[in-house]
Structure formats: C-alpha cells, structure tokens
Amino acid sequence: MYVAEQVQKLIKQYKTKDPFSICEQKNIAIIYDDLELDVRGFYQYYKRKSMIHLNQNISPEEQRIVLAHELGHAVMHKDYNCIFLSRHTYMTKNIYEHQANLFAAELLLPDAVPVDFYNMSYQQLAALYHVPAVFVEMKWGK
Ligand SMILES: [Zn+2]
C-alpha cells in the first residue's frame, strides 16, 4: 500500500485537504477532551465507530497535525488504537506510526515545493506550513 496514493484518493473523493472536513465527511467523530498536556490526541475504534480525540489544550495548528496523523490511522489501520504523546518522536520505528506521519505529511503539504521557496530550509518550510520539520523531510527530502 502506498501512503501517498491513499492520500490522493481521499483528497479527490472529498475535494479537500482539510483533515477536519475529511473527518466530518467520513463520519469520524472528533472529540475535544481536557487531557494531560503530554497526550495530544488519540484514535479509537469502538463499537464499529471511528473516533479521534484531540486535546483541547493544545494549539489549533497542533490539533490539525494530530488530527491528520490520527486520520491516517483511521484510514489505514482501522483496528489500531494509537495514543499520540508529546514525547512521541516523529522518528519512530513503529511502522504504523511512520505511515501515519507520512500520511499527515502528504495531506498537509503541497505536492511540490513552490518555486519561490526553493532556497528555504526544512525548518523554514515547516514553520511556513505549520508542520514538524520531519514532515517536510519525509515528503520533499529526496
Ligand atoms: Zn499514531
């Protein structure tokens, strides 16, 4: 399974790159919880219903990243329950976590680096698109 193809299929089907809108259209419930700060969110599959919990205490930019990651689990790993921790490094060796990060990177970044930004570093691009630098590296780093 190719993660990038899955993301493109989804964007085409739902006509948006916004993870909030995709969840709504896919009937994935988004639940805002008052969680400890080190739990940023988690995905839950319970009684045949997909739910994504987001920590209400983190920034909207971070909620978008976590949601895109958890949406990746909902699409690719339906039965896998993931807890997204802040100590969760993006350099994980776990294949499911890696695929979910790749999914989020594909969804949140444009297909190619815009020409005007060619001379920017990964860190600068990451700040521009409000994603972790490792997402930029995953998608455009070859
Ligand atoms: Zn995860």
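Quick look at the structure, then. (Residues numbered from 1 in each chain as written. Predicted model: local features only at pLDDT ≥ 70, side-chain atom pairs only at ≥ 80, totals over all residues.)

1. Details of the overall build of the protein chain
Okay, step 1: On a plain count of helices and strands, the protein chain comes out with 6 helices and 4 strands.
Okay, step 2: Taken from N to C terminus, the helices and strands of the protein chain fall in the order α-α-β-β-β-α-β-α-α-α.
Okay, step 3: Projected onto its principal axes, the C-alpha coordinates of the protein chain cover approximately 50 × 35 × 25 Å.
Okay, step 4: Looking at the protein chain as a whole, 33% of its 142 residues qualify as buried. (Helix = DSSP H or I, 4+ residues; strand = E, 2+ residues; numbered from the N terminus. Buried ≥ 20, exposed ≤ 12 C-beta atoms within 10 Å, placed from the backbone.)

2. Quick look at unusual backbone geometry
Okay, step 1: Of note, the phi angle at Lys15 is positive, near 55°, even though the residue is not glycine.
Okay, step 2: Looking at the secondary structure, you find Lys15 in the loop between α1 (3–14) and α2 (19–25).

3. Observations regarding the environment of Glu36
Okay, step 1: Note on placement: Glu36 falls in the loop between β1 (29–33) and β2 (39–46).
Okay, step 2: Take Glu36: there are 11 C-beta atoms within 10 Å of it, and that puts it in the exposed class.
Okay, step 3: For the pair Glu36 and Gln56, spaced 20 residues apart in sequence, the C-alpha separation works out to 9.8 Å.

4. Some remarks on the pairing of β2
Two faces belong to every sheet, and in a regular strand the side chains alternate between them.
Okay, step 1: Of the strand pairs in this sheet, β2 and strand β3 (residues 49–55) are connected by 6 bridges, and their pairing is antiparallel. Residue pairing for β3: Gly41 is matched across the bridge by Leu54.
Okay, step 2: What sits between β2 and β3 in their antiparallel hairpin is a turn of 2 residues, with Lys47 showing a positive phi close to 50°. (Pairing = 2+ DSSP bridges.)

5. Looking at α1
Okay, step 1: Helix length check: α1 (12 residues) gives 17 Å between terminal C-alpha atoms against 16 Å at 1.5 Å per residue, within 8%.
Okay, step 2: Of the residues making up α1, those classed as buried are Val3, Val7 and Leu10. Mapping the buried residues of α1 onto a view down its axis gives an arc of 60°, with all of them on the same face. Away from its buried face by more than 90 degrees, α1 exposes Glu5, Lys9, Lys12 and Gln13.
Okay, step 3: Summarising the contacts, the buried residues of α1 are in contact with α2, α3 (60–76) and α4 (95–108).
Okay, step 4: Remark: Lys15 follows α1 within two positions and exhibits a positive phi of approximately 55°. (Expected span 1.5 Å × (residues − 1). Arc of directions from axis to C-beta. Contact = placed C-beta atoms within 7 Å.)

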